[in-house]
Every structure is written in structure tokens, then in C-alpha cells.
Amino acid sequence: MATSYNRIVRDGLWDNNGVLAMLLGMCPTMAMTTSATNGLGMGLATAVVMAASNLMVAAFRNYITREVRIPVYILIVAANVTFVDLVMNAWMHELYKVLGLFIPLIVSNCLPLARLESFASKEPIIPSLMDGIFMGLGFTLSLTMIGAVREIIGSGTLFADASLLLGPAFKFLETQVLAEDMGVLMMILPPGGFLATGLLIVAKRMLDVRAGKGIQMAGAHSV
Amino acid sequence: MKQGALTHAFILGVFCLGFGLALALTDLATKDAIAARAMEDRQSSLGQVIPTAIHDNNPVLDRLTMQDANGREITVYRALKGGKVTGVAYEVFGTGYAGQMKFMLGVDDQGRALGVRVLSHKETPGLGDKIEVKKGDWILQFTGLSLGNPPVDKWKVKKDGGRFDQFTGATITPRGAVAAIRGGLEFFAKHQAQLLGVN
């Protein structure tokens, strides 16, 4: 069976997007999208963990028996989260101060686990790594978009504090969209997370229907 | 062919052992660096709450261990100039929306706050984290204030009839922060003699 990298990229970023199509990882999606910058940070940290976990599970896939696969997957995800946490704390301390809040939350995300089960446990190392990277980037994209919608309506800014996350060179991203105090507070509170996510899912499906693809059903594509 | 439970247990055990070992090695490799970073963080937050002009010693090294009102052991860093204590800094704790918040509070020899900084917290990013100096100057307003200024019953957020602003969408965080800082100043008032005494 030939592996279609094109398919993996399209699935991860759009067609089978973790948040907008599969509706997985809703806990960090709701909690961490109060601003575009937070969404971006959470998404990138998750992408790193997903790529590493997919790689490891694919490498060991012939040794993991069906009966114990779930505890092994959880072990691998949790270990990777801890690796990232420790290494960033030690050697990327400035970044850790910003992202540190998000990292332990990745363990509670079921998207990495879903990709391990439906993809990495059956596919070779390189496609699995690619799947982890692009599913992670798709997650990042969704979280950044949801965060952007909530931030613009909720606080009137876009990418506030981006320079803390990405470095001073990205100061230009920080925009004041609405006048100060014009924000609708509800959008940064939990209900705003559901509203923004729901509306973006509708928008994605409308785009898909208009493109003649029909509504993409959630579920794992086989490659 | 059905494999026995022992085989599965063995496989799971090997993975646990392997990852446990890898985690232990990572911990060993990063432990010193993480401790060094924590020390640097402490030094730099100490530098922000004790102006360099008021001391000629190294406050990180001149410390006392005392007990706060809750029986918790806290470390007090002291700034000395010419053999006299000119200010002290210590950690104060508050309860926020998502658990404990830790602050470093600097107090001069008159009981006025020299400055407050957040050391750690778990507040909601975008709402409660405005207590960080990086994300807002809310925490700076405490500089120069003391228990009599404003009066003790005004050491609350505005919603509770005090004088400090709460944040839009987050009242619990600033409420906890104000209470923690007030508690810190009360600690100073109670232990003034011990804190300022030179031994």
C-alpha cells in the first residue's frame, strides 16, 4: 500500500483536522484559546509531543500487543510530555516560562492517543512521524483560529503577547483590533470557547460543501 | 495464536522499565540546570523587589528561616547597608482561582512595600495572569503602600469595598493577591524586631 504524504498533509491540516473534523482534544481547545497566542503555544507544544509519540509507537508497533496497547500508549505520551517539560525547563527557560503552563495539559488531550491508535500503530515510522507533525500543526491551526476569534471579539486584540512566546521579532503581530474595553467578555469566558469552536466547525463544513466535497465524516482515514 | 497474560505483562513491564529509566536519566541530566534556573529566577525577582541602592550585601545569601502565620517555613532575604537592615524580602502565598499563587514581597525598614512580583501561579492565561508584571502593571501599584496606607479595611479589591482594581473576568485572582500581600505586611508588622535585628 503506497503511502500518500499529500493525503497525510491534507488530512492533518484540513480534511480530518483534529479539532474541526474529529472534535478531539476539546479540553485544551476550550481552556487554552482565550487568545491567539495561547492557542498557538498550546498547539505547538502538542505538535512536538504528537510527533515524538507517533514516532515511538511506530518504531515499537510490532512489539506492542493488542491487549496492553492502551497503557503503553499512555505511558509513551506521558513520558514524552515529561521529557519536553524537563528539557524546556532546563535549557529553554524563557520559552518555558510562557509555555510551561500548557505542557502538562497535553496529557489530558485525547488527540495524540487517537492518532497512535488509528495511525502510528499500523504504519511505518516516517509516515507516522509525518502524521504526528501535520495532525499537530492542524491542531495548532485550529487553536490559533479559535483563539483569534475569541481574542478579537473578547479583548479587541490579536496576538497580544506574541513577542513573549516567539521572541521580540514577532512584536509586529500584536494588533489592537477594537478600541480598548470594547471586548465582549463572554467570548474569553468558557461559553465563548464553545461558540467560537461551533461557528468555526460550521464554517469549515460550509467551505467543504461549497467545494463539492460533501461533509467530511469524522473518523480515521486509512492511507 | 493467543498469547498468555504473562507475555502481555512482560511487554508492559519492559516498556515501563525502559521509559522509567529514560525519564530518570532525563531528570539526572536536567536537574542541575533546572535548579540553576530556579536560583536565577529567585535572584532576579529579588532584584526587582529590593532596589540595589539600599544594600551593600548579597540578599540571596543573607537569609533567615521563620514561620509564617500558617506555620509554614519561609525564607527571609535581608538587605543590609552599613550593618543595618534596610529591607527584607520573603515569599508570600495566596489562593487564586486555580490553586496556590506565590509572590516575592519586599518590605523596607518602615514596613512599606518595596515591590511585589509573582513567582509562580496557575491562573487562567489571558484572564488571571495579568498579575504578572510582563502582562500588566497591576502588581506595580503596591510599591510604597503599607498597612496604614491605605487603611487596613481598604486592602481589598473594589468589588469587596476596597481600593484595588479587579480584572475583567477575573476577581478571584486579584482578591487572592491582595490578601496575600496584606498578609505579608502583617507578617512584617508582627515580626519587625526579629526581621530588623542584626545578630
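Procedures and definitions
- Every residue gets a number counted from 1 within its own chain, in the order that chain's sequence is written.
- Chains carry letters from A onward and ligands carry numbers from 1 onward, assigned in written order.
- In keeping with the predicted nature of the model, local features appear solely for residues at pLDDT of at least 70, side-chain atom pairs appear and are counted solely at 80 or more, and the whole-chain, interface and lining totals rest on all residues.
- Only hydrogens and water are set aside; all other atoms, that is, all heavy atoms of the structure, feed into the side-chain values.
- To get an axis, fit a line to the C-alpha atoms, keeping to the stretch in contact for a helix; angles then go from 0 to 180 degrees between the N-to-C directions.
- Secondary structure elements follow DSSP: runs of H or I of four or more residues count as helices, runs of E of two or more count as strands, with numbering from the N terminus.
- Put simply, angles under 35 degrees are roughly parallel, angles over 145 are roughly antiparallel, angles from 65 to 115 are roughly perpendicular, and the rest are oblique.
- Left-handed describes a crossing in which the near helix is turned anticlockwise from the far one by less than a right angle; the clockwise case is right-handed.
- In this analysis, two residues are considered to be in contact whenever any of their non-hydrogen atoms come within 4.5 Å of each other.
- Each residue gets one label: Ala, Val, Leu, Ile, Met, Phe, Trp, Tyr, Cys and Pro are nonpolar, Asp, Glu, Lys and Arg are charged, and the others, such as Gly, are polar.
- In the sections that follow, a salt bridge refers to a side-chain nitrogen of Lys or Arg positioned within 4 Å of a carboxyl oxygen of Asp or Glu.
- Three exposure classes are used, based on accessible area relative to the maximum for each residue type with a 1.4 Å probe and protein chains only: buried under 20%, partly exposed in between, and exposed over 50%.
- An expected span of 1.5 Å times one less than the residue number is assigned to each helix.
- What the arc measures is the spread of directions leading from the helix axis to the C-beta atoms.
- Polar contact criterion, stated in full: a pair of N or O atoms within 3.5 Å, where within protein one must be able to donate a hydrogen and the other to accept it, and residues adjacent in sequence count only if both atoms are side-chain atoms.

A. Representation of the packing of helix H7 (residues 125-155) of chain A against helix H9 (residues 190-210) of chain A within the structure. Residues and elements named next belong to chain A. Two elements in contact, H7 and H9, have axes whose closest approach is 9 Å; the angle formed by their N-to-C orientations is 120°. In terms of axis orientation, H7 runs oblique to H9. In the crossing of H7 with H9, the sense of the turn from one axis to the other is right-handed. Packed against H7, whose contacting residues are Met145, Ile146, Val149 and Arg150, the element H9 presents Pro190, Gly192, Gly193, Ala196, Thr197 and Leu200 at the interface. Here the contact of H7 with H9 is built from residues that sort into 6 nonpolar, 3 polar and 1 charged.

B. Up close: the pattern of salt bridges. Inspection of the entire model under this criterion finds 15 salt bridges over all chains. Put simply, B:Asp160 and B:Arg175 hold a salt bridge, and the shortest N to O gap is 2.8 Å. Here B:Asp160 is found in the loop between strand E5 (113-120) and helix H2 (172-196), whereas its partner B:Arg175 is found in helix H2, with 15 residues between them in sequence. Take B:Arg175: its relative accessible area is 35%, and that puts it in the partly exposed class. Through salt bridges with shared partners, one network takes in A:Arg7, A:Arg10, A:Asp11 and A:Asp15.

C. Inspection of H9(A) at higher detail. Residue and element names in this part refer to chain A. Given a rise of 1.5 Å per residue, 21 residues ought to cover 30 Å, and the 31 Å separating the end C-alpha atoms of H9 matches this to within 8%. Taken as a whole, H9 has its buried residues at Gly192, Gly193, Ala196, Thr197, Leu200, Ile201, Lys204 and Asp208. Here the buried residues of H9 occupy an arc of 165° about the axis, which is enough to place them on one side. In H9, the exposed positions that point more than 90 degrees away from the buried face belong to Phe194, Leu199 and Arg210.

D. Looking closely at the interface of chain B and chain A. Contact with chain B, which involves 27 residues of that partner, is made by 32 residues of chain A. Viewed at the interface, chain A and chain B are joined by 0 salt bridges. Across the contact surface, chain B and chain A share 4 residue pairs in polar contact (both at pLDDT 80 or more). A breakdown of the residues in the side of chain B that touches chain A according to their chemical character gives 12 nonpolar, 8 polar and 7 charged.

E. Up close: the environment of B:Thr168. Here B:Thr168 is to be found in the loop between E5 and H2. Measuring from C-alpha to C-alpha, the distance between B:Thr168 and B:Ile74 comes to 32 Å, with 94 residues separating the pair along the chain. In this structure B:Thr168 touches A:Leu185 and B:Leu127, once residues within four positions along its chain are discounted.

Just distances and angles here, no functional claims.
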